[in-house]
Protein chains: 2
Amino acid sequence: MKKILLAAIMLAAFVTSHAQNPWDKPATPSPEVHKDNTVTFRLKSPKAIRVQLSGDFLPPKKVKTKHAVRVIPGIVDLKEGKDGVWEYTTGAPLASEMYHYWFVVDGQRVLDPGNVYMLRDKDIVRNMFVIGGGCGDLYRTNKVPHGNVNHVWYDSPTLQMERRMIVYTPPGYETSRKKYPVLYLLHGMGNDETSWSTLGRAPYILDNLIAQGKAKPMIVVMTNGNAIQEAVPGESSIGFPVPTGYLEKTMEGSFETSFPDVMTYVEKHYRTINKKSARAIAGLSMGGFHTLHISKQYPDCFDYVGLFSSAISPLPKATSPIYQDMENKLKRQFASPPALYWIVIGNEDFLYKANVDYRKLLDKLGCKYTYTETGGGHFWQNWRLYLTDFYQKVF
Amino acid sequence: MKKILLAAIMLAAFVTSHAQNPWDKPATPSPEVHKDNTVTFRLKSPKAIRVQLSGDFLPPKKVKTKHAVRVIPGIVDLKEGKDGVWEYTTGAPLASEMYHYWFVVDGQRVLDPGNVYMLRDKDIVRNMFVIGGGCGDLYRTNKVPHGNVNHVWYDSPTLQMERRMIVYTPPGYETSRKKYPVLYLLHGMGNDETSWSTLGRAPYILDNLIAQGKAKPMIVVMTNGNAIQEAVPGESSIGFPVPTGYLEKTMEGSFETSFPDVMTYVEKHYRTINKKSARAIAGLSMGGFHTLHISKQYPDCFDYVGLFSSAISPLPKATSPIYQDMENKLKRQFASPPALYWIVIGNEDFLYKANVDYRKLLDKLGCKYTYTETGGGHFWQNWRLYLTDFYQKVF
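Residues numbered from 1 in each chain as written. Chains lettered and ligands numbered in written order. Predicted model: local features only at pLDDT ≥ 70, side-chain atom pairs only at ≥ 80, totals over all residues. Heavy atoms only, no water.

Q: Got a minute to help me understand the overall build of chain A in this structure?
A: When helices and strands are counted, chain A shows nine helices and 20 strands. In terms of C-alpha radius of gyration, chain A reaches 23 Å, essentially the compact-globule figure of 21 Å for 395 residues. C-alpha extents for chain A along the principal axes are approximately 70 × 65 × 40 Å. The burial tally for chain A puts 63% of its 395 residues in the buried class. Considering only contacts within chain A whose residues lie at least 6 apart along the sequence, 73% involve residues at least 24 apart. On chain A, roughly 15,100 Å² of surface is accessible, and the fraction owed to carbon and sulfur atoms is 54%. Computing the positive centroid from 47 side-chain charges and the negative centroid from 37, chain A places the two 3 Å apart. (Helix = DSSP H or I, 4+ residues; strand = E, 2+ residues; numbered from the N terminus. Rg over C-alpha atoms; globule rule 2.2 N^0.38 Å. Buried < 20%, exposed > 50% of the residue type's maximum accessible area, 1.4 Å probe, protein only. Contact = heavy atoms within 4.5 Å. Areas by Shrake-Rupley, 256 points an atom, 1.4 Å probe, with all protein chains shown as cover. Lys, Arg positive; Asp, Glu negative; His and termini not counted. Charge placed at Lys NZ, Arg CZ, Asp CG, Glu CD.)

Q: Mind showing me how you'd approach the pattern of salt bridges here?
A: Think of it this way: side chains of opposite charge can pair up when their charged atoms draw near. Residue and element names in this part refer to chain A. In this structure the tally under the stated criterion is 27 salt bridges over all chains. Note that Asp121 and Arg126 form a salt bridge whose closest N and O atoms lie 3.9 Å from each other. By relative accessible area, which is 13% here, Arg126 ends up buried. Linking Asp300 and Arg332 is a salt bridge whose minimum nitrogen-to-oxygen distance equals 2.7 Å. (Salt bridge = Lys/Arg side-chain N within 4 Å of Asp/Glu carboxyl O.)

Q: Even after reading the chapter, I still don't get the pairing of strand S8 (residues 85–89) of chain A, so can you show me in this structure?
A: Working note: regular strand, side chains alternate between the two faces of the sheet. Residues and elements named next belong to chain A. As paired elements, strand S2 (residues 39–44) and S8 share five bridges and run antiparallel to each other. Its bridge partner lying in S8, Phe41 is registered against Tyr88. The pairing of strand S7 (residues 79–80) with S8 spans two bridges and is antiparallel. By the bridge assignment for S8, Glu80 is matched with Trp86. (Pairing = 2+ DSSP bridges.)

Q: What am I meant to see in the packing of helix H4 (residues 202–211) of chain A against helix H9 (residues 380–393) of chain A here?
A: Relative placement of two packed helices is described by the angle separating their axes and the distance separating the axes. Residue and element names in this part refer to chain A. Where H4 contacts H9, the two axes come as close as 10 Å, and the packing angle between them is 40°. Taken together, the axis directions place H4 and H9 in an arrangement best described as oblique. Every pair of crossing elements has a handedness; the one defined by H4 and H9 is right-handed. Facing Ala202, Ile205, Leu206 and Leu209 of H4, the residues of H9 in contact are Arg384, Leu387, Thr388, Tyr391 and Gln392. (Axes fitted to C-alpha atoms, helices over the stretch in contact; angles between N-to-C directions. Parallel < 35°, antiparallel > 145°, perpendicular 65-115°, else oblique. Left-handed = near helix turned anticlockwise from the far one by under 90°.)

Q: Any chance you could explain the sheet that holds S7(A) here in plain terms?
A: Backbone-to-backbone hydrogen bonds pair the strands of a sheet. The strands run either parallel or antiparallel. Taken together, four strands build an open sheet; the order of strands is S1-S2-S8-S7 (chain A) and the sheet is antiparallel. Each edge of the open sheet carries a strand with a single partner, namely strand S1 (32–33) and S7 of chain A.

Q: Mind showing me how you'd approach the sheet that holds strand S7 (residues 79–80) of chain B here?
A: Ordered in space as S1-S2-S8-S7 (chain B), the four strands form an open sheet in which the pairing is antiparallel. Across the chains shown, the open sheet's two edge strands, defined by having one partner strand only, are strand S1 (32–33) and S7 of chain B.

Note that every value here comes from positions in space, so none of it alone points to a role or purpose.
Encoded structure:
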C-alpha cells in the first residue's frame, strides 16, 4: 500500500511540472479590474513594434460607408514596459457592463492569452469581462436559484431536418408540477441558437430577475433562425466551417414558415400554458423581423411581442406567402390586440429610419404599440438591456 | 411600404461593411485540411521574427523533470511567405483524431485568428480541428439522432451549495417513457463538469455509437468533481477567475462523500433504472481515483467500473473516512463482484507504476478485474478511446 502512495506524489509532480513548458506558462495577468473599476490590460510581446487594444468600452468611431454610417469600436495604443509587457489602463472607471475586447499586434488581431473568457459573435471571437455594481451584476451567475439550460434537438418536418435549440427552464421547474408561460427569443443575422444565452446573457438575467421578484418564472426558448442550419457552426453535420455573418435562406420566409414545428415540440415536451396570454415572442434585428412576421402570421398566438432594433421589411426577392398582404395581416393581428407590442431601438441604430416608417404604418392602421427610444446603436449592450426590460413586462 | 424596403438594403449594407474594419477583417484561412489529410496552418504576422506551431499531432518531446518524465507536444517553425503569411504543412497525412494546437509568435502563445473553434483545457485555451475517416468521425455531430445535453443545477446538502452538472439524455428519451441505465462520468484534476462533453466528446461519441447499434441508450451524468466549485470557472458565483490546474478540496474525500447527493438528484429527476446492473461509473486520472473510492465506498451501487489512467492512492494528508480500511472495503465490493471492473492505462502514463501496484493489490485480495494496456500517456486522445470502448462494454 505504501508504494502506491507514490502515485499521489507523482500526480502532484505532474501538476507542478505542468507549468514548465515554455509555451504553456501562465500569461501576464489581464485584464485587471481595479477597485475603482478602472481596468488594466496587459500583453507580453517583447518583439512587437505596436500593440493596440480595441473594445466596446472605448469611445467608438463613426465610419461613413457608401450606404450608412457605421459605428466601430475605438482603438488605443498600449505602452511597452518592463520585460516586453505592454500595458493600458482605462482613463476613467468603466460603467457596470459586460465588455468585449481584443488586442491588435502590429496590425494583427490577437486574443488575450491572460483571459480564457471568450465569446464568438458571428465570425469573430473576442475576450470578455464583466464590471459589476449595475447591469453587469445581472449578466453573471450569482448566489440565487438557477434555471437549467438544455441543448435540445427537435424535428422540423417543414425544414426536413433535426435542428437544435436552447431551452431555459426556471428554478424549481423540475419539482413544481406547475405549468409555465413561454418566451420565444430570436437572434439576429449571423447569430445562432447559442447567441442569446452567451452574448445576450438571457439565462443569467432571468435567474437574477426572478430572484429579485422582478420577473415571473418562465420558459425561454432560443431557436436557430437560420433555416439552412441544423445548429450553430461546429455542432451540426456540416462540421467546422468558417462562420459567416451572412447565410442563405435567412429573411426569405423559411424560418417563419417552420416556426410551428418549434412550438409543437415545446408545447409537447414542456409544461407550458398553451394560450395567447402565456406566450411571448421577441427578437433582435433579424430576430425582430422574424418576430414581426411570425406574430402577424399567427395572430392569435402571442400576447407579448418585442421588436428589438428590428429589421422590418422583407428583401425585394423574398416572395414567401409569409410576407404577402402585410397590412391586412397586421389589422387582423391587432383586431384582438396583443397585451404588449413593444418597439425599442437606439437613436443611432442604422435601422432607426425603418422603425420610424413602421410606426407610421402602424399608426395609419390604428394598431396600438408601445415605443421606447434609447441611446446607442445596433449592439449587444442595448439588446441585453431591452431583454432585461422585456422580461419584466411580460406575463 | 416601399420606403421601409430601404431597411433591408441598409441591413445588407451593414453586413457588407462589417468586413471593412481593419481589425475585424477575416483572418488568413487556417487550418486547411487537404484531401489527403495533410494540414496547412497559416498565420499572417508580417513583423514577426519567428512563428512556431505546437500541437498534439507533432512528435512529442520527452522532458525529464525532478520527479517524472513528462511528454510535451512538439513544436515546429513556420516559413514566412507572401504578405507576411507564415505557413506550415504537416509532412505526412494526419490520422483520424481531434487535435489541438496553438501558435508561438516570438515566444508568445497566440491562438489562430482563422479558427473560431477553441477549447479550454485547465488554464489554457487551444484551437481544435477534427480529421475524419476514423475515430474522429465519432467526435463530431453527424446526421444521426441526437441526445439532449442539459446544464443542470442540483442541491448538494453535503457540500452546502447549489452545484452544476451536465446530463446527457439519449435520443428518444423525451417520448419513449422508458427507464434508462446511467453512467456517471468523472473528470480529471483541473477539469470540471464541462470537460467530458467538450474535450472528451462524450455526447457526440454516444450519439454515434447508439446510431451504429454499438452502445445502448443511456443517461450520462457529468459532474463537477472539484468540491470547492459550484461550477466551471465563469459559471459560478465567484465570477471569472483565472482557472488553475490545482484546486483545494480535491482528492481529500469531500467530493466522494457528497456523491450520494448527485445520485439522489439524478434518480429523482430522470427516468433511471435504480439498480446495480443499470449503474456505471468511470473517470479519468483524478476522476478514476474518485471512481475507485466511490465504487468501493458504496459497494452495491455500480456493476460497471472504469478506471481510465487512474490515480490510485489518497494523498498522505487526506484523512477522510472514505479512504480508511481500503483492503476490507475492496473485499466487500468484490464479494458481489461488479460485472466489469476495467483498468485501462497507456504504457507511457506517469501513473503506470501506480496501476501496476494497484493490480497487484487486487490480485492479492482475489478481486477480479479486466486490464487493458494501450500506447501513449496521460492525454485526451487516450481518454476518448477508453470512453468509446467503455460505452460498448456497459449494460
